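What the coordinates show
Below, each chain spelled out in residue letters.
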Amino acid sequence: MLVKTFASAVYGVDARMITIEVNSGGPVKIGSLGYHLVGLPDNAVKEGYHRLSSAIYNLGFKIPRKKIVINLAPAD
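Report on the accompanying structure. (Residues numbered from 1 in each chain as written. Predicted model: local features only at pLDDT ≥ 70, side-chain atom pairs only at ≥ 80, totals over all residues. Heavy atoms only, no water.)

We now examine the pairing of strand β3 (residues 35–38). Successive side chains on a regular strand alternate, one facing one side of the sheet and the next facing the other. Side-chain alternation along β3 places Tyr35 and Leu37 on a buried face and His36 and Val38 on a face that remains uncovered. Where β3 meets strand β4 (residues 68–73), four bridges bridge the pair, whose relative direction is parallel. In the sheet register, Val38 faces β4, and the bridge partner there is Asn71. (Buried < 20%, exposed > 50% of the residue type's maximum accessible area, 1.4 Å probe, protein only. Helix = DSSP H or I, 4+ residues; strand = E, 2+ residues; numbered from the N terminus. Pairing = 2+ DSSP bridges.)

Dropping the structure here:
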């Protein structure tokens, strides 16, 4: 694991703690996505790919040519 951080989300009227883990390493094939979002059970994952790449690009960074896995837990 490269980085582990914490956030929170609203669940009904309560707040739930979310653990975010990011791991990086390994080669990426040309033409494929180098990052994977796991831990969300709904369609937000599909939108997350475009939001993540847009945010990184707008900040002036480039996505490295390494495999990156972003785990959002708990999944519910």
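The next point concerns the sheet that holds β4. With mixed pairing, the four strands of this open sheet are ordered in space as β1-β2-β4-β3. The sheet terminates laterally at β1 (3–11) and β3, the two strands that pair on one side only. The mean inter-strand angle of the sheet, taken between neighbouring strand axes irrespective of direction, is 20°. (Axes fitted to C-alpha atoms, helices over the stretch in contact; angles between N-to-C directions.)

Given two aromatic rings, one states the distance between the centres and the angle between the planes to describe the pair. On inspection of all chains with the given rule, the structure shows zero aromatic pairs. The cationic tip of Arg16 hangs over the ring face of Tyr11; the distance from NZ or CZ to the ring centre is 5.0 Å. (Phe/Tyr/Trp six-rings, centres within 6.5 Å; stacked < 30°, edge-to-face > 60°. Lys NZ or Arg CZ within 6 Å of the ring centre and 35° of its normal.)

By secondary structure assignment, the location of Thr19 is in strand β2 (residues 14–24). Every residue in contact with Thr19, bar those within four places of it in the chain, is listed here: Lys4, Thr5, Phe6, Asn71, Leu72 and Ala73. (Contact = heavy atoms within 4.5 Å.)

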